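A closer look at the structure
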Amino acid sequence: MSHRYKCILLFGSPGSGKGTQGKILGEIPGFFHLACGDVFRSLDLTSSLGKKFMTHSSKGELVPDELTVEMWQNNMKAQVSLSIFKPAQDLLVLDGIPRTVSQAKALKDHLDVLAVLHLVCPDEAEMVRRMRRRALKENRLDDADEKVIHHRFEVYRKETEPVLSYYPKDIIHNVPAIASPSMVLMSVLDLVAPIQDHHFRNPLTQ
Ligand code: AMP
């Protein structure tokens, strides 16, 4: 992949609302949302990679970096070849990747990161409640068990939070994420709409 995709990263702890915001953005023309966890969950769970994903995610662990990056690259290539994602027209909204500094380094040559939106929710109990609701709705094993949820927070603090220091401070935006999805969306759009407009304005609409 010689092309660096212009992208924004949705960043935040489990339950902070990355997926909710990412899905809404993905519905807006000019944005393409890709959630790494969704790609993993779409795998054939009897395949070798699918089994590895289940082994790690059911314990609240991350899938090893090399496998994750390889799967992400393959998935991106497929989305581009099928013209589902059009890099010349769409701002890529990545959710849940990179999740370690090593992943951030591996993606460096593939991504032009324009902004990192850090969804900040200091109320861990609220995030746990959100995750349990989601577990029931989406039948997610990793969010059904209290111990696994707490481990996911530990892994986030230890392995994922350091990713924030990898990117320049001036592209990191802290977004309060305790409010309702629509209120959070207003803050998210305030940040990302001008970026999308600046980089992808369609000359036909001017
Ligand atoms: P999520 O849907 O983002 O909460 O991800 C669910 C699970 O998928 C995580 O707990 C990990 O086991 C795995 N996963 C998703 N994204 C990554 C990633 N970037 N690196 C490693 N594992 C990941």
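Each remark here, short or long, concerns the structure printed above.
Now for a description of the structure that goes with this document. In this text the structure is predicted, and so the values were computed from the model without any measurement. (Residues numbered from 1 in each chain as written. Predicted model: local features only at pLDDT ≥ 70, side-chain atom pairs only at ≥ 80, totals over all residues. Heavy atoms only, no water.)

Looking now at the site of the ligand. The immediate surroundings of the ligand are formed by 17 residues, with Glu 61, Gly 96, Arg 99, Gln 103 and Arg 152 found nearest. Between Arg 41 and the ligand, the recorded distance is 2.9 Å, taken from a side-chain N or O atom to an oxygen atom. In the model, a nitrogen atom of the ligand is placed 3.0 Å from a nitrogen or oxygen of the Val 63 main chain. Here the ligand, which alone exposes 480 Å², has 96% of that area covered by the protein. Elements with a contribution of two residues or more to the shell around the ligand: helix H2 (36-41) and helix H3 (48-57). Here the element with the most residues in the shell around the ligand is H2; it accounts for 4 residues. (Near = heavy atom within 4 Å. Polar contact = N/O pair within 3.5 Å; in protein donor to acceptor, adjacent residues only side chain to side chain. Areas by Shrake-Rupley, 256 points an atom, 1.4 Å probe, with all protein chains shown as cover. Helix = DSSP H or I, 4+ residues; strand = E, 2+ residues; numbered from the N terminus.)

Inside soluble globular proteins, nonpolar side chains tend to come together where they are buried. In terms of nonpolar packing, the biggest core is built from 29 residues, with Trp 72, Leu 92 and Leu 111 touching the most fellow members. Every element with two or more residues in this core is listed here: strand S1 (5-12), strand S2 (31-35), H2, helix H4 (65-81), strand S3 (91-95), helix H5 (101-107), strand S4 (111-120) and helix H8 (163-166). Counting residues in each nonpolar core, the second largest holds 23 residues, with Ala 115, Val 128, Val 175 and Phe 200 among its members. (Core = buried A, V, L, I, M, F, W, Y, C linked by side-chain atoms within 4.5 Å. Buried < 20%, exposed > 50% of the residue type's maximum accessible area, 1.4 Å probe, protein only.)

Let us look at the packing of aromatic side chains. For any pair of aromatic rings, the description consists of the separation of the ring centres together with the inter-plane angle of the planes. In total, this model carries 5 aromatic pairs according to the counting rule given. Note on Phe 11 and Tyr 156: the rings are 6.2 Å apart at their centroids and 50° apart in plane angle, and the pair reads as tilted. Separated by 145 residues along the polypeptide, Phe 11 in strand S1 and Tyr 156 in helix H7 (residues 146-160) bring together distant segments of the chain. No difference in accessibility class separates Phe 11 from Tyr 156, as the two residues are buried. Their ring planes at 90° and their centres at 5.0 Å tell us that Tyr 166 and Tyr 167 sit as a pair that is edge-to-face. On the accessibility criterion, Tyr 166 (27% relative accessible area) is partly exposed. Connected via pairs of aromatic rings, a cluster forms that spans Tyr 5, Phe 32 and Phe 85. (Phe/Tyr/Trp six-rings, centres within 6.5 Å; stacked < 30°, edge-to-face > 60°.)

Let's shift gears to the side chain of Lys 18. Relative to the elements of secondary structure, Lys 18 occurs in helix H1 (residues 18-26). Within the buried set, Lys 18 has no salt-bridge partner at all; the shortest N-O distance to an opposite charge, 5.1 Å, is to Asp 95. At a separation of 3.4 Å, a polar atom in the side chain of Lys 18 contacts the main-chain carbonyl oxygen of Ser 13. When neighbours within four sequence positions are excluded, Lys 18 is seen to be in contact with Leu 10, Phe 11, Gly 12, Ser 13, Asp 95, Gly 96 and Leu 119. (Lys, Arg positive; Asp, Glu negative; His and termini not counted. Salt bridge = Lys/Arg side-chain N within 4 Å of Asp/Glu carboxyl O. Contact = heavy atoms within 4.5 Å.)

Quick look at the packing of H1 against helix H9 (residues 181-200) now. Axis separation between H1 and H9 bottoms out at 10 Å; the angle between their running directions is 60°. As the angle between them shows, H1 and H9 are arranged oblique. Considering the relative orientation of H1 and H9, their crossing is right-handed. Residues Thr 20, Gln 21, Ile 24 and Leu 25 of H1 form the contact with H9, whose own contacting residues are Pro 181, Val 184, Leu 185, Val 188, Leu 189 and Val 192. (Axes fitted to C-alpha atoms, helices over the stretch in contact; angles between N-to-C directions. Parallel < 35°, antiparallel > 145°, perpendicular 65-115°, else oblique. Left-handed = near helix turned anticlockwise from the far one by under 90°.)

What follows is about the pairing of S3. Judged by how many residues are buried, S3 sits mostly within the fold: 5 of 5 residues are covered. Neither face of S3 is left uncovered, since the one carrying Leu 91, Val 93 and Asp 95 and the one carrying Leu 92 and Leu 94 both have all their residues buried. Examined bridge by bridge, S2 and S3 share 5 bridges and lie parallel to one another. By the bridge assignment for S3, Phe 32 is matched with Leu 92. (Pairing = 2+ DSSP bridges.)

These results come straight from atomic positions and should not be treated as a statement about function.
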